[in-house]
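Examination of the molecular architecture
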Amino acid sequence: MGNPIGVVIPFEGGLDLVTPDYILAKNPGSLKKMVNFESALGGGYRRINGYKQWSTATPSGSATRLYGVCQYADGIVAVQVDSGNYNIYFTTDGTTWTQVNKSGASGGITLVNLNAAAQTTRTVGSKQIQFVLYEGNTEYGELFILDGANKVAWFKITGTNTKTYFYDEISTFTTAQWGTVYKDHLVVGGDSTNKETVYWSDAFAPTSFTGGTSGSLKFTDKITGVKAWRDRLFIFGQNGVSELSGINGVPSVSSISRNMGCVSGYTIQEIGGDLIWLSPDGFRNLAGTERIDDIELGTISRKINPLIEDILVDINVEDISSFAIRERNQYRMFHCKSANTSGQQMGLVGTYKAGSQGLSWEWGELQGIPVACAWSGVNKENAITSLNSAKEIILHGGYDGHVYLHDASNTTSFAGNTINAYFETAPIDYGDIGIKKTIRWVNLNGTIEGPNSDVWLKLIYDYDDTGTQQPNPYPLAFDGTFSYYGTDRYGTAYYSKNGFLNYRILVEGSGFINSFKVYSDNTQGGYTISGLYVRAHVGKSL
């Protein structure tokens, strides 16, 4: 039978498409395929949660694409094309939507258009919406809406029981696409007629760009994003990243990076204490160091560079969107196309976590989530009553005009559709690729979040060589029950307590090298596979 060996394979590292197989074979745990799984903070790979439709109603009543969605006050703001206009809508329940870029009364709500127009016409463009909240001293703060095709819109709600909606537009510059709040100023950039210019408002007056504390500065690069981070202001361009300081006195610019800018401001997120964005050579980050006022520029996606190269060749940057899931130190970017079916829509998921090699980013792919725009943030004081148990609000707007909620009550489907999830390990040689191994049994460890009777394990020998016998997949029934001695079927033992998974299964087959694939395609409970224990015999197979 040969000499028995036992090998522990902890699952960590995420997707790795650049390290040669002969190196990965000596350090198992990284993956060659990973779709709709995420790297769990506690170790292993977790099937992602799903999302659900918030309401059957759309803002305008039509099924046209949403260009922006975010939480504001005690409701949600969305932007949707209707009758040839970019219209702005607000709702507290997802059923009754109120158009706010007009004046008059609607459903007992007073609408005040400070432009003195019955309705403000907003040109339809091809860009998504960026929302910027200026907290100020008002009850809910003031929401600024930037789309790169119209003047910056301003929306404010006052009152709690009896509400008044105020709407206005900033006419100082033609348009702006990017914005942030920095040192009590509203800072914007991406004006369609002055693409290299950054503007900042008067201090404590975000709608005024003509007073003594306002200003502007022209850069030598087309601006693709602006972001305040760690009390500093960063300006992203196509070809580089700069820091703008001194806007309350003498403005000055210092270069952070040259010849490596930002592909799209829609990819900029703050997560895990870092600032992250997509550049032409992959995801980059700005991280703080132990030294005061010091930052470090890094690259965090080398292992998935082949995927990023394909994305940048094939995607319209205006269709890229992203959000952060702060509770899981997670970043998600979607690169969808309106012409694709839901199953063809793709994205990336990255988790910043501790592993055996220290802190690092681990990546995987997303598939089947048609995101036209996205937003995430903290559910302040449980603002939206229908989400009062959620610490974070994670939203995406669909191509069908609906608003969708992610991770709501551990959602186990994609709006009623199955979650097709799988991962495949890099090939493992158990220390010597020249000797054949016969695998006798495998033990899976992890956690379960609910019953799932339709998970499968497949062993792949010798790179799925047709000359090597490949066993059929093995069913894994995470059904929340226990196995008892003397009553359950020999060869399959399943022990679960308080959500912990310990699953042993007899397997067949032999080869010089093998990999493992775990997959499911259903609407059942989530699960995490933390690692494997493999029992094998080394030598010629029987």
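Look up a bit, the structure's there.
In short, a report on the structure. (Residues numbered from 1 in each chain as written. Predicted model: local features only at pLDDT ≥ 70, side-chain atom pairs only at ≥ 80, totals over all residues. Heavy atoms only, no water.)

What follows is about the overall build of the protein chain. What the protein chain contains, in helices and strands, is 2 helices and 43 strands. With respect to the principal axes defined by its C-alpha atoms, the protein chain has extents near 85 × 50 × 40 Å. With 542 residues in all, the protein chain has 55% of them scored as buried. Across the protein chain, every contact between residues at least 6 apart in sequence was considered, and the portion connecting residues at least 24 apart equals 59%. Of the roughly 22600 Å² of accessible surface on the protein chain, 48% is carried by carbon and sulfur atoms. (Helix = DSSP H or I, 4+ residues; strand = E, 2+ residues; numbered from the N terminus. Buried < 20%, exposed > 50% of the residue type's maximum accessible area, 1.4 Å probe, protein only. Contact = heavy atoms within 4.5 Å. Areas by Shrake-Rupley, 256 points an atom, 1.4 Å probe, with all protein chains shown as cover.)

Turning to the nonpolar core, a few remarks are in order. Nonpolar side chains tend toward joint burial in soluble globular proteins. Grouped together as the largest cluster of nonpolar side chains are 70 residues, with contacts concentrated most on Phe283, Ile439 and Phe516. With 5 residues, strand 43 (residues 527-538) is the largest single contributor of residues to this core. Contact partners of Phe283, with chain neighbours within four places excluded, come to Ile276, Trp277, Leu278, Gly298, Thr299, Ile300, Ser301, Ile308, Tyr331, Met333, Leu348 and Trp363. Residues Tyr67, Cys70, Ile76 and Ile109 belong to the second largest nonpolar core, which totals 37 residues. (Core = buried A, V, L, I, M, F, W, Y, C linked by side-chain atoms within 4.5 Å.)

Turning our attention to the pattern of salt bridges. Throughout the structure, instances matching the rule amount to 17 salt bridges. With a shortest N-O distance of 3.4 Å, Asp21 and Lys32 are connected by a salt bridge. One end of the pair, Asp21, is in helix 1 (residues 21-24); the other, Lys32, is in strand 2 (residues 31-35), with 11 residues separating them in the sequence. We classify Lys32 as partly exposed; its relative accessible area is 24%. When the shortest N-O distance is used, the salt bridge between Asp407 and Arg328 registers 2.6 Å. With Asp407 in the loop between strand 34 (403-406) and strand 35 (419-425) and Arg328 in the loop between strand 28 (320-325) and strand 29 (330-335), this pair connects stretches of sequence that are 79 residues apart. For Asp407, a relative accessible area of 18% gives the class buried. The class of Arg328 is buried, set by a relative accessible area of 16%. What you see here is one network of salt bridges that share partners, running through Glu38, Arg46, Arg328, Arg332, Asp407 and Glu449. (Salt bridge = Lys/Arg side-chain N within 4 Å of Asp/Glu carboxyl O.)

Given two aromatic rings, their pairing is described by the distance between the two centres and the angle made by the two planes. Under the defined criterion, the tally for this structure stands at 23 aromatic pairs. Ring centres 5.9 Å apart and planes at 50° place the aromatic pair Trp229 and Phe234 in the tilted group. The burial state of Trp229 is the same as that of Phe234; both residues are buried. For the ring pair Phe283 and Tyr331, a centre distance of 5.3 Å and an interplane angle of 75° mean the geometry is edge-to-face. Here Tyr331 lies in strand 29 and Phe283 lies in strand 26 (residues 282-288), a separation of 48 residues in the sequence. Accessibility expressed as a relative area gives 0% for Tyr331, which makes it buried. (Phe/Tyr/Trp six-rings, centres within 6.5 Å; stacked < 30°, edge-to-face > 60°.)

Inspection of the secondary structure puts Gly525 in the loop between strand 42 (514-522) and strand 43. Take Gly525: its relative accessible area is 10%, and that puts it in the buried class. Each residue touching Gly525, except ones within four places of it in the same chain, is listed here: Arg47, Thr412, Gly450, Pro451 and Asn452.

All right, on to the sheet that holds strand 6 (residues 66-72) then. The strand order across the open sheet formed by 4 strands is 6-7-8-9, and the pairing between neighbours is antiparallel. In this open sheet, the two strands that pair with only one neighbour each are strand 6 and strand 9 (98-99). Across 7 bridges, the pairing between strand 7 (residues 75-82) and strand 8 (residues 85-91) is antiparallel. Directly across from Val79, in strand 8, lies its bridge partner Ile88. (Pairing = 2+ DSSP bridges.)

In short, shape yes, function no, at least from these values alone.
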